[in-house]
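Examining the three-dimensional arrangement
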Amino acid sequence: MSHNSFGHLFRVTTWGESHGPAIGCVVDGCPSLIPLTEADIQGFMEKRKPGQSKYTTQRREPDEVKILSGVMVDEDGVQKTTGTPISLFVENTDQRSKDYSEIKDRFRPGHADFTYDAKYGIRDYRGGGRSSARETAMRVAAGAVARKVIPGVTIRAALVQVGPHKINRNNWDWAEIDNNPFFCPDVEAASLWAEYLDGVRKAGSSVGAVVEVIAEGVPAGWGAPLYGKLDTDLTAAMMSINAVKGVEIGNGFEAACLTGEENADEIRMGAEGKPVFLTNNSGGVLGGISNGDPLVVRFAVKPTSSILTERKSITRQGEEVDVMTKGRHDPCVGIRAVPVGEAMMACVLADHFLRHRGQIG
Ligand SMILES: Cc1cc2nc3c(=O)[nH]c(=O)nc-3n(C[C@H](O)[C@H](O)[C@H](O)COP(=O)(O)O)c2cc1C
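Residues numbered from 1 in each chain as written. Predicted model: local features only at pLDDT ≥ 70, side-chain atom pairs only at ≥ 80, totals over all residues. Heavy atoms only, no water.

**Quick look at the site of the ligand**
So the rule is basically this: One heavy atom within 4 Å of a molecule or strand makes the whole residue count as near it. Two N or O atoms form a polar contact when they lie within 3.5 Å of each other; inside protein one atom must be a possible hydrogen donor and the other a possible acceptor, and for residues adjacent in sequence the pair counts only when both atoms belong to side chains. Note on areas: Shrake-Rupley with a 1.4 Å probe; residue coverage comes only from the protein chains shown. Only Asp, Glu, Lys and Arg are considered charged, only Ala, Val, Leu, Ile, Met, Phe, Trp, Tyr, Cys and Pro nonpolar, and every remaining residue, Gly among them, polar.
Residues in close proximity to the ligand total 16 residues, the closest being His-111, Ser-131, Ala-243, Lys-302 and Ser-306. One of the backbone N or O atoms of Ser-131 is found 3.1 Å from an oxygen atom in the ligand. Contacts to the ligand include Asn-242, whose side-chain N or O atom sits 3.2 Å from an oxygen atom. For the ligand, the accessible surface in isolation is 630 Å², of which the surrounding protein chains cover 85%. Looking at side-chain class alone, the shell around the ligand contains 5 nonpolar, 8 polar and 3 charged residues.

Put into structure tokens, the structure is as follows:
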């Protein structure tokens with residue numbers, strides 16, 4: 001199974017299965033002399049880890065990250081990157097394989113069971129193995145390293161829709177993100193979602209969501225036309241997250257409904273002698289290159305496939321069966337996808353920063 005790596009100059013490879021002893025990643029290409037400790041990474045792991053609220057899976061994983069290589073304490077007593085591969089890992093401590101024994105020979109609808117089996121002739125039925133979103137923990141770890149490569153860039157994400165319920169953008173307040181279990185920037189939407197998701201959870205059902213990721217502080221000029229466009233790489237990175245079914249940049253699909261007059265972002269000279277875009281319909285990218293405005297990426301996450309209602313399926317032997325996925329699952333995986341989206345944005349931007357420096361100096 002190849003294709004476990006992404007990025008060019010800042011390159012991340014992840015390894016491990018949901019029910020193996022550990023999962024990890026190797027970050028290759030991180031520049032030297034960047035202060036880096038486990039504590040710098042752990043805060044981001046906490047945001048993604050399961051069991052944070054009744055709206056996320058009750059799997060108990062401490063997700064304590066360890067740095068195995070690529071750092072050294074410098075003469076000034078500060079631990080810094082050495083420029084060599086940074087290897088990170090997290091132990092899997094809550095793998096109850098027997099929760100999955102009933103679906104050993106059954107393909108769970110909405111999961112990668114059938115396709116893995118069709119491709120490899122073998123699949124890890126214990127929670128999906130490599131296809132499990134457990135892997136996204138290491139994306140978050142790599143993303144924490146990436147943020148240190150681009151300290152001038154602020155990357156934040158929010159949940160902006162749960163099922164059919166969208167936030168009111170007039171209520172957007174970043175300070176609210178940490179005040180509710182949904183990373184929701186709208187205090188009113190958060191309380192509505194709490195009630196709504198309680199009902200979904202109690203019914204053993206699930207719903208989808210939309211996550212918005214915003215990067216501020218990216219200067220004009222990052223991105224590499226034509227086949228390494230910044231928006232190409234951002235959308236590919238977001239689409240690679242488990243359960244993501246749609247990605248848009250700026251006003252995305254809404255652009256199809258607008259006229260040229262409405263959509264093109266007009267330009268004026270700002271007070272500091274720098275160009276100012278009067279709107280940001282482009283989402284901060286023109287011709288695959290950043291224009292200095294915030295980068296805005298949204299992605300749609302499908303409803304959690306593991307639900308407590310039987311669904312039609314088949315076994316590996318071709319027998320028709322009904323499958324109900326027991327175990328511990330999230331009513332809306334979009335919640336835990338928020339820190340993962342931030343991490344993917346960070347990795348892509350760290351890579352493009354280094355690629356830009358390599359080309360322009
Ligand atoms: C953070 C996160 C957690 C997830 N947890 C679950 C889960 O508990 N149950 C589930 O059915 N799917 C979960 N998923 C989604 C599955 O991993 C995913 O749907 C499945 O592997 C099939 O891949 P695909 O939906 O990308 O095609 C999660 C996704 C993310 C991003």
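**Considering the environment of Gly-143**
In plain terms, the rule: Every helix listed is a DSSP run of H or I at least four residues long, and every strand listed is a run of E at least two residues long, numbered separately from the N terminus. Partly exposed describes any residue whose relative accessible area lies between the buried limit of under 20% and the exposed limit of over 50%, with all areas from a 1.4 Å probe on protein chains only and scaled to the type maximum. Residue contacts are defined here by distance: any two heavy atoms, one from each residue, within 4.5 Å place the two residues in contact.
With respect to the helices and strands, the residue Gly-143 is situated in helix α3 (residues 136-149). Under the relative-accessibility criterion, Gly-143 is labelled buried at 1%. Sequence-wise, Gly-143 and Val-340 are 197 residues apart; in three dimensions their C-alpha atoms are separated by 8.3 Å. Setting aside chain neighbours within four positions, we find Gly-143 in contact with Ala-343, Ala-346 and Cys-347.

**A short note on the layout of surface pockets**
Defined as follows: Whether a set of points on the 1 Å grid over the protein atoms alone is a cavity depends on a 1.4 Å probe fitting there but being unable to get out, while an open set qualifies as a pocket with protein on both sides within 12 Å along at least five of seven lines; lining residues are those with an atom within 4 Å of a point. Grid points are joined across faces, edges and corners, and a volume is the space filled by probe spheres set on the points.
Quantified by volume, the second largest pocket comes out at close to 300 Å³. Lining the second largest pocket we find 13 residues, and of these Gln-161, Lys-166, Val-210, Glu-248 and Arg-298 sit closest to its centre. Mapped by element, the contributors of at least two residues to the lining of the second largest pocket are β8 (154-162), β11 (244-249) and β16 (295-301). When the residues that make up the lining of the second largest pocket are grouped by side-chain class, the tally is 7 nonpolar, 2 polar and 4 charged.

**Overview of helix α4 (residues 187-202)**
The periodicity of an α-helix, 3.6 residues per turn, causes residues three or four positions apart to be oriented the same way. Heads up, the condition is: The length a helix should cover is 1.5 Å for every residue beyond the first.
Across its 16 residues, α4 extends 23 Å between first and last C-alpha, which sits within 8% of the 22 Å expected from 1.5 Å per residue. Looking at the buried positions of α4, the neighbouring elements they touch are β8, β9 (165-166) and α7 (334-360). Sitting at the head of α4, Asp-186 places a side-chain oxygen 3.0 Å from the backbone nitrogen of Glu-188. Once α4 ends, the next one or two residues include Gly-204, with phi positive near 70°.

**Section: the UniProt feature "binding site: NADP(+)" (unreviewed entry) in the protein**
Selection criterion: UniProt positions are given in the numbering used here, feature names are shortened, and annotations may be inferred rather than shown by experiment.
Under the present numbering, the feature "binding site: NADP(+)" (unreviewed entry) in UniProt falls on Arg-48 and Lys-54. Take Arg-48: it is sitting in helix α1 (residues 38-48). Other than its neighbours up to four places away in sequence, Arg-48 contacts Asp-63, Ala-133, Arg-134, Thr-136, Ala-137, Val-140, Arg-336, Pro-339 and Val-340. By secondary structure assignment, the location of Lys-54 is in the loop between α1 and β4 (66-69). If sequence neighbours within four positions are ignored, Lys-54 has contacts with Asp-198 and Arg-201.

**Side note on the side chain of Asp-293**
For the record, the criterion: Two residue types count as positive, namely Lys and Arg, and two as negative, namely Asp and Glu; His and chain ends fall outside the count. We count a salt bridge whenever a side-chain nitrogen from Lys or Arg sits within 4 Å of a carboxyl oxygen from Asp or Glu.
With respect to the element layout, Asp-293 can be found in the loop between β15 (289-290) and β16. In this structure Asp-293 is buried but unpaired, with Lys-274 as the nearest side chain of opposite charge at 11 Å. Excluding its chain neighbours within four sequence positions, the residues that come into contact with Asp-293 are Phe-277, Thr-279, Asn-280 and Gly-284.

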